[in-house]
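# Structural features, examined
So you can see what is in the structure, the chains are spelled out below.
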Amino acid sequence: MALISQAGSSYCSQIEMIRSKFGHTVVFNMASNLEAPKTKENFVGLSSLSCTSAKKTNILHIDCARLGRKRGHQVIVAASPPTEDTVIAAEPLTKEDLVAYLASGCKTKEKWRIGTEHEKFGFEFGSLRPMKYEQIAELLNGIAERFDWDKVMEGDYIIGLKQGKQSISLEPGGQFELSGAPLETLHQTCAEVNSHLYQVKAVAEEMGIGFLGIGFQPKWERKDIPVMPKGRYEIMRNYMPKVGSLGLDMMFRTCTVQVNLDFSSEADMIRKFRAGLALQPIATALFANSPFTEGKPNGFLSMRSHIWTDTDKDRSGMLPFVFDDSFGFEQYVDYALDVPMYFVYRKKKYIDCTGMTFRDFLAGKLPCIPGELPTLNDWENHLTTIFPEVCRLIMVRLKRYLEMRGADGGPWRRLCALPAFWVGLLYDEVSLQNVLDVVADWTQEERQMLRNKVPKTGLKTPFRDGLLRHVAEDVLKLAKDGLERRGFKESGFLNEVAEVVRTGITPAEKLLELYHGKWGQSVDPVFEELLY
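Definitions and limits used
- Residues numbered from 1 in each chain as written.
- Predicted model: local features only at pLDDT ≥ 70, side-chain atom pairs only at ≥ 80, totals over all residues.
- Heavy atoms only, no water.
- Salt bridge = Lys/Arg side-chain N within 4 Å of Asp/Glu carboxyl O.
- Helix = DSSP H or I, 4+ residues; strand = E, 2+ residues; numbered from the N terminus.
- Buried < 20%, exposed > 50% of the residue type's maximum accessible area, 1.4 Å probe, protein only.
- Disulfide = S-S within 2.5 Å.
- Phe/Tyr/Trp six-rings, centres within 6.5 Å; stacked < 30°, edge-to-face > 60°.

## Some words on the pattern of salt bridges
Considering all chains together, one arrives at 34 salt bridges under this definition. For Arg129, the salt bridge identified is with Asp224, shortest N-O distance 3.5 Å. Highlighted residues: Arg129 in the loop between strand E5 (114–124) and helix H6 (133–147) and Asp224 in the loop between strand E10 (209–212) and helix H8 (231–243), separated in sequence by 95 residues. Given a relative accessible area of 35%, Arg129 falls into the partly exposed group. Taking the relative accessible area as the measure of exposure, Asp224 reaches 19% and is therefore buried. Of the charged contacts, one joins Glu294 and Arg253 as a salt bridge, the two residues approaching to 3.1 Å between their closest N and O atoms. Placement of Glu294 in the loop between strand E12 (292–293) and strand E13 (296–297) and of Arg253 in helix H9 (residues 247–253) is noted, with a sequence separation of 41 residues between them.

## Description of the state of the cysteines
The tally for this structure, following the rule as stated, stands at two disulfides. A sulfur-sulfur separation of 2.0 Å characterises the disulfide bridge that pairs Cys190 with Cys416. The sign of the 80° torsion about the S-S bond sets the Cys190-Cys416 disulfide as right-handed. Placement of Cys190 in helix H7 (residues 186–204) and of Cys416 in helix H15 (residues 412–426) is noted, with a sequence separation of 226 residues between them. Given the relative accessible area of 6%, Cys190 is considered buried. Each bonded cysteine of the chain gets a number by its place in the sequence, and the pairs then read 1-4, 2-3.

## Details of unusual backbone geometry
Residues other than glycine seldom take positive phi values, yet Glu294 does so here, at roughly 50°. Within the chain, Lys489 stands out as a residue other than glycine whose phi angle is a positive 55°.

## Structural notes on the packing of aromatic side chains
This model, assessed by the stated rule, comprises 21 aromatic pairs. Aromatic side chains Phe123 and Phe125 sit 5.9 Å apart centroid to centroid with 90° between the ring planes, which places their arrangement in the edge-to-face category. Seen from their ring centres, Phe273 and Phe327 are 5.6 Å apart, and the 90° between their planes marks the pair as edge-to-face. Taken as a pair, Phe273 in helix H10 (residues 266–286) and Phe327 in the loop between helix H11 (303–307) and helix H12 (329–337) lie far apart in primary sequence, 54 residues in all. In this pair, the class of Phe273 matches that of Phe327, namely buried. The rings of Tyr239, Tyr342, Phe343, Tyr345 and Tyr350 are connected pair by pair, giving a single aromatic cluster.

As structure tokens, then:
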């Protein structure tokens, strides 16, 4: 692959070209990293605009003057920057610029970090009903005041918090998400999770609010879920029923945990992308934790995974081209250019551009904003609305880092186990190569089969001459070995999933056993069983 061997030098040259186009600086308002428009909120801080630190100072300028307005000891931050104010181009963007933008995420190994995100359902202790927006606003204000977070606003509505490189955001149905800072070790990641849960509980319990760690809303119908006052969600809510039957369930009734990881080159990105896609069904099985819908078993171990089979086929799916010899940054850009857009952000408003493509936008042919050309911020925002994966649920999105979204929400120990699983496999060269050797002869049909069956049968899914559990045993050992070679004594974070592999029983199957036994066919006890 010629592209791979030239990735370091050729794409750095293209970044220089972008720098020249933008008058030596690409200016991003810092708020663009706080609340960049997307479906599942943005992880903050892993992306970089250069291949080398020397170039970074010439490319990136943060306009702190626009960051926010001081109020006492807090900062009030606008939810999203006016795109036309944050990136000003002297010349129109080209496809080559977009390729270089992705390539600018390359980092040397010593700069690789771990970013963990997790979502959870808030509910009232007495009624078990989902939190209303008014309660969420009170909770956000309380956390901001007590623990010195900056508020993120959209108009008059508080919709999130920001503290350093961490952010708290709201999903469409009020799911409460922590997007963690980029950290060096899993010990730091787990400490961050614990600190976040402590702060949330300190305020929420005084309000009579609890939080549930599960992958799908177990009790309430979609009509019972509140709608968050965020402009882009209104556009998505209107669009989703046009492209699938389960998109609104994805928006309002799912929770996930994911990890964001770096790559050193185009070749490294390709290897990690392929390993991640091939092994995502194993992650789905290990963390399967969504067996209930509207108070009853739904026939799946991971309902959340199943939902992605009929959400939006244009922006999700298997991406078989990732396994082609020609795959690289350019091929991913070609794919993304033809994925229908959701919106463009202009003058503090979201403009509905559903059904149009970014390729049209490059040519100035968007009917919603006729004659206008895109900025790099528009491209970044578009990438955040694409969620390809091996099974239309488990997301490996390339946005200058790889986002491994392959697990149902769960209790705190599993929040630490998910990043441990992927770090052990992808951040250790020996384990990564061993994984690629394991999956090298898997066919597209086999990968699709695993995607289709794992949400129902988990580790008991038949695969070749055995069960997926047997593959998971080998993969988990590779993850453990990889963590041990890192030298940070992190392998203990895999204990939670080691038990799942040893027994072959997923978290969802344990919940179903409780439902049919001790719980007397009621899902209400799950709110206590999986309470943070």
